[in-house]
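# Per-entry structural report
Residue-level listing of the chains:
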Amino acid sequence: HTNKKVTVIFVLGGPGSGKGTQCANIVEKFGYTHLSAGDLLRAEIKSGSENGTMIQNMIKEGKIVPSEVTIKLLQRAIEENGNDKFLIDGFPRNEENRAAFESVTGIEPEFVLFFDCSEEEMERRLLSRNQGREDDNIETIRKRFNVYMESSLPVIEYYKSKGKVRKIDATKPIEEVFETVKAIFTPSSD
Ligand code: UP5
Ligand code: MG
């Protein structure tokens, strides 16, 4: 188990729903540390790690990288960081990810932010992002949507059954989405 008492929020939603964008806002306003599983995996490719080629091929196909790889990166990032509150963005992506993270780290999320966005809008955003991501082409985007529907939505359903999902209409403009996010992070006085 992770050697540290931490608060974790999972940030979930489809490809291009705005997870990374809103995490940056939450970091600035509420002092969390942002851990994007996808960013950690892309850094692992760049670092020339022995898993790099395997990770690169999986991302190109929109597939989910074996959980032990992703969990090791997340756990190391949590343990190396001085902060005690984390946004974990884009993980867990399937039931096996979820169960393995819980048993390996002993961490359960405080709640789950779910960015709910139409596929049409997500596709438009990904195709105009232009940041050189190898998975932002229409063939890979379709595969990412399929994996999301089949494997990732059930994780959100699981947390919904535990009353942990905070669902946000992510189709709106960035500023409006952040207004909703802020309300979730700001304790009410009732
Ligand atoms: N944008 C954002 N919000 C907007 C708004 N409200 N209105 C208009 N435009 C908005 O946003 C995407 C684009 O939309 C940006 O240009 C932004 O300006 C604009 P972003 O915030 O980047 O969206 P995000 O949800 O973070 O999209 P991302 O593409 O990162 O999501 P994915 O979940 O697809 O990507 P991730 O990096 O998490 O994973 C990539 C791959 O890694 C996976 O497909 C998988 O192969 C692998 N992976 C694993 O195997 N395991 C993991 O645990 C994680 C990843
Ligand atoms: Mg992202």
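See the structure shown above.
Keep in mind that what you see is a predicted model, and the values were worked out from it rather than measured.

A few words on the site of ligand 1. The immediate surroundings of ligand 1 are formed by 31 residues, with Thr21, Lys63, Val65, Arg93 and Arg144 found nearest. Gly18 is positioned with one of its backbone polar atoms (N or O) 3.1 Å from an oxygen atom of ligand 1. Within the backbone of Val65, a nitrogen or oxygen atom sits 2.7 Å from an oxygen atom of ligand 1. Protein chains shield 87% of the accessible area of ligand 1, which is 1,000 Å² for the free molecule. Listed by contribution, the elements that provide at least two residues to the shell around ligand 1 are α1 (19-30), α2 (37-46), α3 (52-60) and α6 (119-127). Sorting elements by how many residues they give to the shell around ligand 1 places α2 first, with 4 residues. Tallied by class, the residues present in the shell around ligand 1 amount to 11 nonpolar, 10 polar and 10 charged.

The next subject is unusual backbone geometry. Between Phe91 and the following residue, Pro92, the backbone shows a cis peptide bond with an omega angle of 0 degrees. By secondary structure assignment, the location of Pro92 is in the loop between β3 (85-89) and α5 (95-105). Here the phi dihedral of Asn130 falls at roughly 55 degrees; this positive angle occurs in a residue that is not glycine. Considering the arrangement of structural elements, one finds Asn130 in the loop between α6 and α7 (138-161).

Bringing the sheet that holds strand β1 (residues 7-13) into the picture now. Taken in spatial order, the 5 strands make up an open sheet running β2-β3-β1-β4-β5, and their pairing is parallel. Where the open sheet ends on each side, the last strands, each with one partner, are β2 (33-36) and β5 (165-169). The mean angle between the axes of side-by-side strands here comes to 20 degrees, regardless of whether they run parallel or antiparallel. Pairing of β1 with strand β4 (residues 111-116), which is carried by 5 bridges, proceeds in the parallel orientation. Bridge pairing links Phe10 to Val112 in β4. The sheet contacts of α2 involve β2 and β3, and relative to β2 the element is tilted by about 65 degrees.

All told, the structure shown has 8 aromatic pairs when counted by the stated rule. Note on Phe10 and Phe101: the rings are 5.7 Å apart at their centroids and 65 degrees apart in plane angle, and the pair reads as edge-to-face. Placement of the pair is Phe10 in strand β1 and Phe101 in helix α5, with a sequence separation of 91 residues. When the centroid spacing of 5.6 Å and the interplanar angle of 65 degrees are considered together, the rings of Phe111 and Phe185 count as edge-to-face. Taken together, the positions of Phe111 in strand β4 and Phe185 in helix α8 (residues 174-185) put the pair 74 residues apart, joining distant regions of the chain. Like Phe111, the residue Phe185 is buried in the burial classification.

Quick notes on the rules
- Residues numbered from 1 in each chain as written.
- Chains lettered and ligands numbered in written order.
- Predicted model: local features only at pLDDT ≥ 70, side-chain atom pairs only at ≥ 80, totals over all residues.
- Heavy atoms only, no water.
- Near = heavy atom within 4 Å.
- Polar contact = N/O pair within 3.5 Å; in protein donor to acceptor, adjacent residues only side chain to side chain.
- Areas by Shrake-Rupley, 256 points an atom, 1.4 Å probe, with all protein chains shown as cover.
- Helix = DSSP H or I, 4+ residues; strand = E, 2+ residues; numbered from the N terminus.
- Nonpolar A, V, L, I, M, F, W, Y, C, P; charged D, E, K, R; others polar.
- Pairing = 2+ DSSP bridges.
- Axes fitted to C-alpha atoms, helices over the stretch in contact; angles between N-to-C directions.
- Contact = heavy atoms within 4.5 Å.
- Phe/Tyr/Trp six-rings, centres within 6.5 Å; stacked < 30°, edge-to-face > 60°.
- Buried < 20%, exposed > 50% of the residue type's maximum accessible area, 1.4 Å probe, protein only.

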